[in-house]
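# Examining the three-dimensional arrangement
What follows is the residue order along each chain.
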Amino acid sequence: MDWNTKSLARVCALTGNPFQEGDRVISFILRGEGETLERLDYLEAGLTEQNAPVGEVLGRWTRVVAAQAESRKQAREQELAGAEEMFTALYAALDDTADEDRLALVQMLALTLERRRVLRAVGAAKKGIQPYLHTATKAEYSVKVAALTPEILLRIQPHLPQFAD
């Protein structure tokens, strides 16, 4: 089963102005009303405390807008880089109070990155924790194995990567 995430928007969620190559963009994953999840991308220069997104922030990261992908391979590499950024941002924000949606997002991103050979599972999960190794940086991640119910999967599905093969 493939999962879909919104990639970097083409326009700022605040102003509606298009992003240009070299712009710094702050991306947020938020819990909205009715337990929905939403991704919003803001031009860093225009973001202030007064116009910051409203809702529970599950993850936040910054990226620089790259030039338009010139090939299908470059587009796939950019999609993969976006999934990696999302995983590392959400993983870094995990704490003992992390809710089931956040844990499920991290777990599903880890599984997606494992499928794409960015992460490698190190042995079997023990005591509900699956160790992963980032193949390029050798960074280690301990991902809690969440209970992936159909309800949770439906809530997080719009935020998970789907790659064009």
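Worth saying up front: this structure is predicted, and the values here are computed from it rather than measured. (Residues numbered from 1 in each chain as written. Predicted model: local features only at pLDDT ≥ 70, side-chain atom pairs only at ≥ 80, totals over all residues. Heavy atoms only, no water.)

### With respect to unusual backbone geometry
Comment: phi is negative for the bulk of residues other than glycine, and the bulk of peptide bonds are trans. If you check the backbone angles, Arg117 has positive phi at about 65 degrees while not being a glycine. Within the secondary structure, Arg117 sits in the loop between helix H2 (100-115) and strand E4 (119-121). The class of Arg117 is exposed, set by a relative accessible area of 71%. Notably, Lys138 is not glycine yet its phi reads approximately 65 degrees, a positive angle. Relative to the assigned elements, Lys138 resides in the loop between strand E5 (129-134) and strand E6 (140-144). Assessed through its relative accessible area of 53%, Lys138 is described here as exposed. (Helix = DSSP H or I, 4+ residues; strand = E, 2+ residues; numbered from the N terminus. Buried < 20%, exposed > 50% of the residue type's maximum accessible area, 1.4 Å probe, protein only.)

### Focus on the packing of aromatic side chains
Under the definition given, this model contains four aromatic pairs. Look at Phe28 and Tyr42: their rings are 5.7 Å apart centre to centre, the planes differ by 85 degrees, and that puts the pair in the edge-to-face class. With Phe28 in strand E1 (residues 24-31) and Tyr42 in strand E2 (residues 37-43), the pair connects residues that are 14 residues apart, well separated along the chain. In this pair, the class of Phe28 matches that of Tyr42, namely buried. Where Tyr91 meets Tyr141, the ring centres are 4.9 Å apart and the plane angle is 90 degrees; that geometry is what we call edge-to-face. Taken together, the residues span a long stretch of sequence, with Tyr91 in helix H1 (residues 72-92) and Tyr141 in strand E6 at a distance of 50 residues. For Tyr91, a relative accessible area of 22% gives the class partly exposed. Using a relative accessible area of 12% as the deciding quantity, one classes Tyr141 as buried. Here the aromatic cluster, defined as three or more aromatic residues joined through ring pairs, consists of Phe87, Tyr91 and Tyr141. (Phe/Tyr/Trp six-rings, centres within 6.5 Å; stacked < 30°, edge-to-face > 60°.)

Honestly, it's all geometry; don't read function into it.
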